[in-house]
Amino acid sequence: MKLNLYENKEDLNEHVDVYYSNMRPVIRQLIDTVNSERPKLKGRPADEDLDDGEEVILDPREVYYLDHIDRKLFAYTKDGVFRLMDTLTSCEEMLWNYGFVRVSKSNLINVYKIKQLKPDMNMKVYASFDNGERICVNRSYKKSFNDYLQKMRRMG
Amino acid sequence: MREKIITFLIELGCVYTIVSVGGAIANMIVGGQTNNLNVIVMFMTCFIGTFVLNLHKLFDKVSPLLMIVVQYLAACALCAVMILIVGWIEGESVSPRGWYEFYRSFTIPYVILAGYYYYRVFSDTKKQEDLIKEIQENASEGK
């Protein structure tokens, strides 16, 4: 995408014009950023030794997947694991345009971070990530996962 | 619940039609014949097969391979009960040859369909992986 920046110190009415051919997720992300509605995931390190009591703002693009365990929601990134205060359902709605899709009752995965999607010998399908972790794509979510990928590609 | 029953009956109707027409074509080719009891047994077998395969939601947490095996064993057990009941109604015991023929004609399509399912899991996953790569490439080009 071509980016043009124009500096005009006399123009106090700052504005952004977006020319697009297709309202795809990256355009929606841009709109969110301009409207200051870019989703932010607030979390704290899951490891209590690393938790200094301050909230950390996570960029959704850096998150591999979200895992809901024992009524707690965790975000897995390259830098570690963070506990989030949101619910999995609210994250699912908030992060739809950011590549996040539900693959089981307790997991949302970031399709931009998937390194490999592969079934193992017992036919369970796993999404692998750079951090070496893998998440099972549940059979019940196979159709919605496929629909999501098709939509993302069409909008792509 | 009502919707589930309707869906089940539609699936049963489709399965029975396919099996029945397939059986009729096979009979025309090899010159075989059927009778009323065979029709009932064929319908009951379709009912059991459709019912057992419809239970797949219960096996969501186990591997598909285990699901296929467990469903096959469950279907075999239910079919055995059905054959015993039919034999009791007819007042005849089922011969070993009868058992063998029944399970052979039940197992062969099951194994073929299971193999097809196995193939579909791998081919669908490959397609999904290609889609993911395409989405990732589009996203990196759009940046």
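Our subject is the structure listed above.
Below is a short write-up of the structure. What you see is a predicted model; the values in this text were computed from it and never measured. (Residues numbered from 1 in each chain as written. Chains lettered and ligands numbered in written order. Predicted model: local features only at pLDDT ≥ 70, side-chain atom pairs only at ≥ 80, totals over all residues. Heavy atoms only, no water.)

### What to know about the overall build of chain A
Along its length, chain A carries three helices and 10 strands. Taken from the N to the C terminus, the helices and strands of chain A come in the order α-β-β-β-β-β-α-β-β-β-β-β-α. Judged by the C-alpha coordinates and their principal axes, chain A covers about 65 × 45 × 25 Å. Sequence-distant contacts, at least 24 apart, represent 44% of the contacts inside chain A between residues at least 6 apart. In the structure as shown, chain A presents an accessible area of about 10100 Å², 45% of it carried by carbon and sulfur atoms. In chain A, 26 positive and 26 negative side-chain charges are present, and the distance between their average locations comes to 11 Å. (Helix = DSSP H or I, 4+ residues; strand = E, 2+ residues; numbered from the N terminus. Contact = heavy atoms within 4.5 Å. Areas by Shrake-Rupley, 256 points an atom, 1.4 Å probe, with all protein chains shown as cover. Lys, Arg positive; Asp, Glu negative; His and termini not counted. Charge placed at Lys NZ, Arg CZ, Asp CG, Glu CD.)

### Some thoughts on the interface of chain A and chain B
Taken together, the contacts link 28 residues of chain A with 30 residues of chain B. Between chain A and chain B, roughly 2600 Å² of surface is buried when both sides are summed, and carbon and sulfur atoms account for 58% of that area. R153 of chain A serves as the salt-bridge partner of E134 of chain B, at 3.8 Å between the closest nitrogen and oxygen. Applying the counting criterion to the chain A and chain B interface returns seven residue pairs in polar contact (both at pLDDT 80 or more). (Buried area = accessible area lost by both parts, 1.4 Å probe. Salt bridge = Lys/Arg side-chain N within 4 Å of Asp/Glu carboxyl O. Polar contact = N/O pair within 3.5 Å; in protein donor to acceptor, adjacent residues only side chain to side chain.)

### Description of the sheet that holds strand β1 (residues 41-45) of chain A
All names here are of chain A. One open sheet accounts for seven strands, arranged β2-β1-β5-β4-β3-β7-β6; its pairing is antiparallel. The sheet terminates laterally at β2 (56-58) and β6 (100-104), the two strands that pair on one side only. Averaged over all adjacent pairs, the angle separating strand axes in this sheet is 35 degrees, with direction ignored. Here strand β3 (residues 63-69) runs beside strand β7 (residues 107-110); their pairing, made up of three bridges, is antiparallel. Each bridged residue has a counterpart across the sheet, and for Y65 the counterpart in β7 is I109. (Pairing = 2+ DSSP bridges. Axes fitted to C-alpha atoms, helices over the stretch in contact; angles between N-to-C directions.)

### Some remarks on the packing of helix α2 (residues 36-53) of chain B against helix α3 (residues 64-90) of chain B
Residues and elements named next belong to chain B. Interhelical geometry of α2 versus α3 gives an angle of 155 degrees and a closest axis separation of 10 Å. Between α2 and α3, the crossing angle belongs to the class labelled roughly antiparallel. Seen from above, α2 lies across α3 with right-handed handedness. On α3, the residues touching L37, V41, M44, T45, I48, V52 and L53 of α2 are Q71, A74, A75, L78, C79, M82, V86 and E90. Split into classes, the residues belonging to the contact of α2 with α3 amount to 12 nonpolar, two polar and one charged. (Parallel < 35°, antiparallel > 145°, perpendicular 65-115°, else oblique. Left-handed = near helix turned anticlockwise from the far one by under 90°. Nonpolar A, V, L, I, M, F, W, Y, C, P; charged D, E, K, R; others polar.)

### A look at helix α1 (residues 25-34) of chain A
Along α1 of chain A, the residues that are buried comprise P25, I27, Q29 and D32 of chain A. In the core, the buried residues of α1 of chain A are packed alongside α3 (142-155) of chain A. (Buried < 20%, exposed > 50% of the residue type's maximum accessible area, 1.4 Å probe, protein only.)

### Observations concerning the packing of helix α1 (residues 2-30) of chain B against α2 of chain B
Residues and elements named next belong to chain B. Packing of α1 against α2 brings their axes to within 9 Å, and their N-to-C directions diverge by 135 degrees. On the basis of the axis angle, α1 is oblique to α2. Our pair here, α1 against α2, has a crossing hand that is right-handed. Residues F8, E11, L12, V15, Y16, V19 and S20 of α1 form the contact with α2, whose own contacting residues are V39, M42, F43, C46, F47, T50 and F51.

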